[in-house]
Structure formats: C-alpha cells, structure tokens
Amino acid sequence: MTGVSDQSILEHLQSLDRAHHLHSFTDTKALLQAPPFVIEHAKGSYVSGQEIRLLDAMAGLGCVNIGYGREEMAETASETIRQLSYYHSFSAVSNPYAAALSAQIAALAPGSLNKVFFANSGSEANETLIKLAYLYWRRKGKPEKRVLISRQHSYHGSTWAATRLNGNQPMLDQFGIAAEPEVLKAMAPYWYRYGGNLSLEEFGVEAAQDIEKVILSVGADKVAAVFAEPIQGTMGGVVPPNTYWPEVERICKAHDVLLVADEVVTGFGRTGQWFAQETLGFQADMMTLAKGLSSGYVPISAAVISDEIAETIDNEGGILQHGFTTSAHPLTSAMALKNIEILEKEGLVSRVGEDLGPYLAGALKKLEDHPVVGEVRCCGLIAGIELTKNKKTREQFPLEANLCDYIAQMALLRGVIVRPAGNVLVLCPTFVISHAEIDFLVNVLREALDEAAKAVGLA
Ligand SMILES: Cc1ncc(COP(=O)(O)O)c(C=O)c1O
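We now turn to the structure provided with this report. (Residues numbered from 1 in each chain as written. Predicted model: local features only at pLDDT ≥ 70, side-chain atom pairs only at ≥ 80, totals over all residues. Heavy atoms only, no water.)

1. Comments concerning the nonpolar core
So, point 1. Core analysis: the biggest nonpolar cluster contains 69 residues, and Leu 364 and Val 418 have the highest contact counts within it.
So, point 2. Top element by residues in this core is helix H17 (residues 435-455). It accounts for 9 residues.
So, point 3. Shared between two domains, this core holds at least three residues of each, these being domain 1 (39-66 + 347-455) and domain 2 (72-345).
So, point 4. In contact with Leu 364, not counting residues within four places along its chain, are Val 376, Cys 378, Ala 383, Ile 385, Leu 427, Val 442 and Leu 445. (Core = buried A, V, L, I, M, F, W, Y, C linked by side-chain atoms within 4.5 Å. Buried < 20%, exposed > 50% of the residue type's maximum accessible area, 1.4 Å probe, protein only. Helix = DSSP H or I, 4+ residues; strand = E, 2+ residues; numbered from the N terminus. Domains from an automatic or database assignment. Contact = heavy atoms within 4.5 Å.)

What follows is the structure in structure tokens.
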C-alpha cells in the first residue's frame, strides 16, 4: 500500500480501524472518540505518517535495532519467499534457514546456551521456558519444583502464564487471572525507588537476597525457576547495581533453582554486548530472545536452553508436546540471520557499547539538574528518566497526574517519540541513531520537561 496522501482516504482508513481493529494496550473506548495515528513509512530512526516525521527514540517497542527500512532485509524476504514460503518444524523436519539460525544463536550466546526453540513472540518464548523448566525438573525426578519467582516491575509478556510473571497488576485483574502457575514476587533491584539510605552496591546485594528470602519462604525444593529481565525495560528502564546479578546467580546455584534471563529487550546488542548477561556479569540457564532477533521486521522469538537442560530432556526422549505452526518459519529465520549479519558487518553492537551508549548517557545525565528529574539511568541504548516532585525525598508525582504522558505528548509535538511508563520516561533508540539526533532528542526532552515543570509549578 502506498502513502495515504489523500485526507479522505486517511479518514476512511481510520474509521475502518476504529470499527474493526481491537488494539493492543489501548483504551478501546477512547479510541472511538479520537482517530488512531496512522504510521505509513519508516526509515533509519524515523517514522512518518499523516505528513508528520518523528524521530523514534523507542525504536518501535525497543526492537528495531538495525533501524527501519533496510533494503537488504526486503531482498532477503522476497528471496526466501520465492525459495521456501513455508514449511513446519514438527516431526523432525527442518529447513536451511532455521538450522543455520539455531547454530548462529548458539555461537553468539554466552556459556552453554546452545539449544534453541523457535516461537513468534517474547511471550510465547517465556511460556515455552516455563514448560521446559517444569519438564526439566520432572525429568530430574523433582516434579514438585513448580513455583516460579519473578520481580516487581517486571514485564514478560501477555500470554496467560507470562502475564502471571509480570509485576503489572492490571494485566491480571482485567481477566481475573489467578492460581497456576504459582508465581511469587521478589523485590526489584530499583535503587532509586527502594534503596533508602543504602549505597548502590549494598542495595544490589540486598535486592538479590530478597530472591533468596522468597526461595526459602516456600522451600527451594518447590521452586523451579527465577524469571528476570537483566534490565527492566517496559516498567521503567531499571538498571540494577553492579552487585546484583552475580549475587542472584550465586543464590540460584546454591538453591538449585534455574535462572532464566529474559533478554527480549536486552538481547542482540542493546546493552553494548550481544547479551546483557555479558554486560552485567552473570550466566543464566535459559534465555528468552525476541525483538532484536529480527529487529522487529518479522515476528520471531527464541527460547534458549543450556546443554545440561537439553541433555536432561533429550536423555529420556519422547515427543516434545509443544510447538507452533510457524515455529522455525523459513522467512522469519532468514530475516533473523540477515539481521544478525547486518549487526556484525556494521559493528553495531560495539558501536552501542563504545560510542552511542556513552554518548547518550553523557547527554541524558545533564537532565539530572532539571527540577522534575530525580534520576537518569542508562545502559547502552536503554535509558530511563525518572521524575520526582522532590529530589531529596524522591517523592513521586501521583500517577493520576499523568505527567509522563504529558511530557511524551510535548516531545511528540516537537517531533520525538519517547515512552511513558508510570513516572519514568523510557528510551530505546535504534543502533543507527547519530550524535546529532541524540542532541536533538535531548534538547526536545529538556523543552518537554520545562513544560511539565511549568504545569506542576516547579519551573
Ligand atoms: C522483557 C520482555 N519480555 C517479554 C516481552 C513480551 O514480548 P512480546 O510482546 O513479543 O510477546 C516483552 C515485551 O515488551 C519484554 O519487554
């Protein structure tokens, strides 16, 4: 479909959308009153629609790592569809793309994370890992290990069991989701919110040990796995203290509990290394990948397990009673392979670690002097700007005030997309953003923050 230049065509499409499209995470009633914004085109770090061009400092939903509109990706899609438009992976069938991609992921992944199950979304990959964790413990003769632990402020997806893992109560309440799988919540490594008078290092250890307390509260013999994002993205760009992850790994090992790193956002370079486990210094037993695996060009995700888990499952054999029609799809596998090739060829991961990440952090940190900013947190190209009413007490603005939404709106009017998450503005730009674009983004943010400060009488 070409651009919607004609106003009447645009309005027609908007009315079709309002009548027939049930949107993700959207106020369905409000959408009946206000038309959806229609994005028609995207290139590099910019998206455009309705004659407006926006610098997308969120890379979609933190996924378009290589930037939008790559010609090589379009060519790969058309070549693959011509060669093999579809075949499934059930009953011991494979295809060249999925075979090569599984080996490529194993080669890049840290430690012995060498076996890959393919799905379509991050939620499905987490759902898969819950099942594989249960299967593993059953094969180990410990079927009673079924409790899962996740953390406050976490996000792991929107399928049933993944929703149980989230630290997002409305997602449970709206559908009355309760009971299985049993998930217990540990504290988030969120120093700004919960650190009190502790140093970052002290708090990192304390937050990790909260996981140990939760394990002990139910008994390690009942706990299957800890699911955790290395950096909590969706719920506020929470970068844990350096002391946190090594201690979590130690605790999981000591209590024979599987550690699952949900690298849906952080995987494929966002923290400046291929995986955040390398950046933050820990090794998981299982890992979830999605978003950056194809840079969002096609839906693909991966549930990756260690040699030990794979061997335990393989030893007894039997059919794995799990899978999706489009698991290991030739098209999505080929697109992921091309995406990884581009990341490698253009050195984009080290560009994040050595150049763009430090540059963004340096530019954003200057906002910490702003009257409504409490803390700026950055790791590679993921960042959170936390607002506060009072820099000393770290008091939050009431969520009903929607101050972050207001700031995001002010930024949008000035040509920049950022994502409000409670009292935090989250940024996750593409890996092809330039220094000049980062400067523009930070200037816009300062202006938007000034507007917010005026609105709440803190200017
Ligand atoms: C850390 C994390 N895990 C899982 C998911 C769910 O992925 P999907 O929306 O592809 O199901 C997300 C989505 O934002 C995420 O950020």
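2. Side note on the packing of aromatic side chains
So, point 1. Applying the stated criterion across every chain, the model contains 8 aromatic pairs.
So, point 2. Taking the centre distance of 4.0 Å and the plane angle of 10 degrees together, the rings of Trp 245 and Phe 282 count as stacked. Pair noted here: Trp 245 is in helix H11 (residues 244-254) and Phe 282 is in the loop between helix H12 (276-280) and strand E9 (286-289), with a separation of 37 residues, a long-range link. The exposure classification of Trp 245 matches that of Phe 282, with both residues buried.
So, point 3. A ring pair is formed by Phe 268 and Phe 275, whose centres lie 5.4 Å apart and whose planes are at 70 degrees; its orientation type is edge-to-face. Across the pair, exposure class does not vary: Phe 268 and Phe 275 are buried alike.
So, point 4. One aromatic cluster in this structure is built from Tyr 244, Trp 245 and Phe 282.
So, point 5. Positioned above the aromatic ring of Tyr 46 is the side chain of Arg 53, whose terminal nitrogen or guanidinium carbon lies 3.8 Å from the ring centre.
So, point 6. Lying over the aromatic face of Trp 137, Lys 145 brings its terminal NZ or CZ to 4.6 Å of the ring centre. (Phe/Tyr/Trp six-rings, centres within 6.5 Å; stacked < 30°, edge-to-face > 60°. Lys NZ or Arg CZ within 6 Å of the ring centre and 35° of its normal.)

3. Quick notes on the side chain of Lys 145
So, point 1. Within the secondary structure, Lys 145 sits in the loop between helix H6 (122-139) and strand E5 (147-151).
So, point 2. Summary of buried charges: Lys 145 has no salt-bridge partner, and the nearest side chain of opposite charge, Asp 256, is 5.0 Å away.
So, point 3. Reaching out from Lys 145, the side chain makes a polar contact with the backbone oxygen of Asp 256 at a distance of 2.9 Å.
So, point 4. Here Lys 145 is in contact with Tyr 134, Trp 137, Ala 220, Asp 221, Lys 222, Val 223, Ala 224, His 255, Asp 256 and Val 257, once residues within four sequence places are set aside. (Lys, Arg positive; Asp, Glu negative; His and termini not counted. Salt bridge = Lys/Arg side-chain N within 4 Å of Asp/Glu carboxyl O. Polar contact = N/O pair within 3.5 Å; in protein donor to acceptor, adjacent residues only side chain to side chain.)

4. Quick notes on the site of the ligand
So, point 1. Of all residues adjacent to the ligand, which total 13 residues, the nearest are Gly 122, Ser 123, Asp 262, Val 265 and Lys 291.
So, point 2. The contact in question runs from a nitrogen atom of the ligand to an N or O atom on the backbone of Tyr 155, over 3.5 Å.
So, point 3. Between the ligand and Asp 262 there is a distance of 2.7 Å, counted from a nitrogen atom to a side-chain nitrogen or oxygen.
So, point 4. Taking 390 Å² as the accessible area of the ligand by itself, protein coverage stands at 83%.
So, point 5. Per-element accounting of the shell around the ligand gives the leading share, 3 residues, to H6.
So, point 6. Across the shell around the ligand, the residue classes tally to 3 nonpolar, 7 polar and 3 charged. (Near = heavy atom within 4 Å. Areas by Shrake-Rupley, 256 points an atom, 1.4 Å probe, with all protein chains shown as cover. Nonpolar A, V, L, I, M, F, W, Y, C, P; charged D, E, K, R; others polar.)

5. Some words on helix H1 (residues 7-20)
So, point 1. Helix length check: H1, at 14 residues, gives a terminal C-alpha distance of 20 Å against a target of 20 Å (1.5 Å per residue), a fit within 8%.
So, point 2. Within H1, burial applies to Leu 10, Gln 14 and Asp 17. For H1, the angular spread of the buried residues around the axis is 60 degrees, confining them to a single face. Along H1, the residues that are exposed and aim more than 90 degrees away from the buried face are Ala 19 and His 20. (Expected span 1.5 Å × (residues − 1). Arc of directions from axis to C-beta.)

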